[in-house]
Amino acid sequence: RQMTEFKSEGFKKNVHKFAMYIAHAKTIIFIGEGNKGIIARYAARYFSNIGYFATGIDDPFYPPVVNKGSGTVVVVLSESGETSSMIDQVASYKANDACVLTITNNRNSTIAELSDWYLFYTNKELCLPVTYDLSSSVPLVYIIEAAARDLQESTDRMSKLKEVDRQNGVNL
């Protein structure tokens, strides 16, 4: 079911809309907690690779650094969208006029409601006692990479993507 959703035109349009929010950002801040914090750092690196100034924050208590009107886009990565420290982060960024986007597994979450726009994916939440999250991050990584590729193809930030055949050492 999930792969069907990822291949649907509606999903592709949502990824494109997400990418267009980021297209003219001067700074992109990806924030997440726990496993999503690791993905936030990965996302920042991925977007930096295509010419954006991006940083990943994996500490939900890191003070928001935003100059009002600075073209900052904050991308919140949250499985539940209900973590109080992440809700506080969103409120702080919103108070500083940052554009807040969320990628979440919970479309009815507080964070999604506070955001300027959110992208929802379906994923089975798996947790161990004491709230260790074992939910897959594959859908989240897929969305991040799809948005970056969309930006790469629709803007002139850097040269166009080329496939490389490493075995034969040629560009395809």
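Because the structure is predicted, anything quoted here is derived from the model rather than measured. (Residues numbered from 1 in each chain as written. Predicted model: local features only at pLDDT ≥ 70, side-chain atom pairs only at ≥ 80, totals over all residues. Heavy atoms only, no water.)

Visitor: Explanation requested: the pattern of salt bridges in the structure shown.
Guide: If the charged atoms of two oppositely charged side chains come close together, the side chains can form a pair. Inspection of every chain in the model, using the stated rule, returns five salt bridges. Its salt-bridge partner being Arg41, residue Asp58 comes within 2.5 Å of it at the nearest N-O pair. Here the residue Asp58 occupies a position in the loop between strand E2 (54-57) and strand E3 (72-78), and Arg41 occupies one in helix H3 (residues 35-49), the gap between them amounting to 17 residues. By relative accessible area, Arg41 is classed as partly exposed at 43%. Ionic pairing is found between Arg149 and Glu145, a salt bridge with its closest N-O pair at 3.8 Å. Within this pair, Arg149 and its partner Glu145 are both found in helix H6 (residues 138-154), separated by four residues, close to a single helical turn. Residue Arg149 is classed as partly exposed on the basis of its relative accessible area, which comes to 30%. (Salt bridge = Lys/Arg side-chain N within 4 Å of Asp/Glu carboxyl O. Helix = DSSP H or I, 4+ residues; strand = E, 2+ residues; numbered from the N terminus. Buried < 20%, exposed > 50% of the residue type's maximum accessible area, 1.4 Å probe, protein only.)

Visitor: Explanation requested: the environment of Ile31 in the structure shown.
Guide: The topology assignment puts Ile31 in strand E1 (residues 27-32). The class for Ile31 is buried, based on a relative accessible area of 2%. Excluding anything up to four places from it in sequence, Ile31 contacts Ala40, Ile57, Val74, Val75, Val76, Leu77, Met86, Gln89 and Tyr93. (Contact = heavy atoms within 4.5 Å.)

Visitor: Can you walk me through the packing of H3 against H6 in this structure?
Guide: The description of two helices packed together rests on the angle between their axes and the distance between the axes. Interhelical geometry of H3 versus H6 gives an angle of 15 degrees and a closest axis separation of 10 Å. When the interaxial angle is binned, H3 and H6 end up roughly parallel. Seen from above, H3 lies across H6 with right-handed handedness. When H3 is examined against H6, the residues Lys36, Ile39, Tyr42, Ala43, Tyr46 and Phe47 are found in contact with a partner set consisting of Leu140, Val141, Ile144, Glu145, Ala147, Ala148, Arg149 and Leu151. Grouping the constituent residues of the contact of H3 with H6 by class yields 11 nonpolar, no polar and three charged. (Axes fitted to C-alpha atoms, helices over the stretch in contact; angles between N-to-C directions. Parallel < 35°, antiparallel > 145°, perpendicular 65-115°, else oblique. Left-handed = near helix turned anticlockwise from the far one by under 90°. Nonpolar A, V, L, I, M, F, W, Y, C, P; charged D, E, K, R; others polar.)

Visitor: Looking at this structure, how should I read H3?
Guide: Count 3.6 residues to each turn of an α-helix, and residues three or four apart come out pointing the same way. Over its 15 residues, H3 runs 22 Å from end to end, which matches the ideal 21 Å to within 8%, given 1.5 Å per residue. Those residues of H3 that fall on the buried side of the exposure criterion are Lys36, Gly37, Ile39, Ala40, Ala43, Ala44 and Phe47. Buried residues of H3, seen end-on, are gathered within an arc of 155 degrees and therefore sit on one face of the element. (Expected span 1.5 Å × (residues − 1). Arc of directions from axis to C-beta.)

Visitor: Where do I start with the side chain of Thr104 in this structure?
Guide: For Thr104, the location among the structural elements is in strand E4 (residues 99-104). A polar atom in the side chain of Thr104 sits 2.9 Å from the backbone oxygen of Ser78. Here the side chain of Thr104 touches Glu79 through a polar contact of 3.4 Å, landing on its backbone oxygen. (Polar contact = N/O pair within 3.5 Å; in protein donor to acceptor, adjacent residues only side chain to side chain.)

Visitor: Just to check I follow, could you spell out helix H4 (residues 84-95) for this structure?
Guide: The end-to-end C-alpha distance of H4, which contains 12 residues, comes to 16 Å, matching closely the 16 Å that a straight helix rising 1.5 Å per residue would cover. Buried residues of H4: Ser85, Met86, Ile87, Gln89, Val90 and Tyr93, and no others. Residues of H4 that are buried sit in contact with E1, E2, E3, E4 and helix H5 (110-114). Downstream of H4 by one or two residues, Asp97 has phi in the positive range, about 65 degrees.

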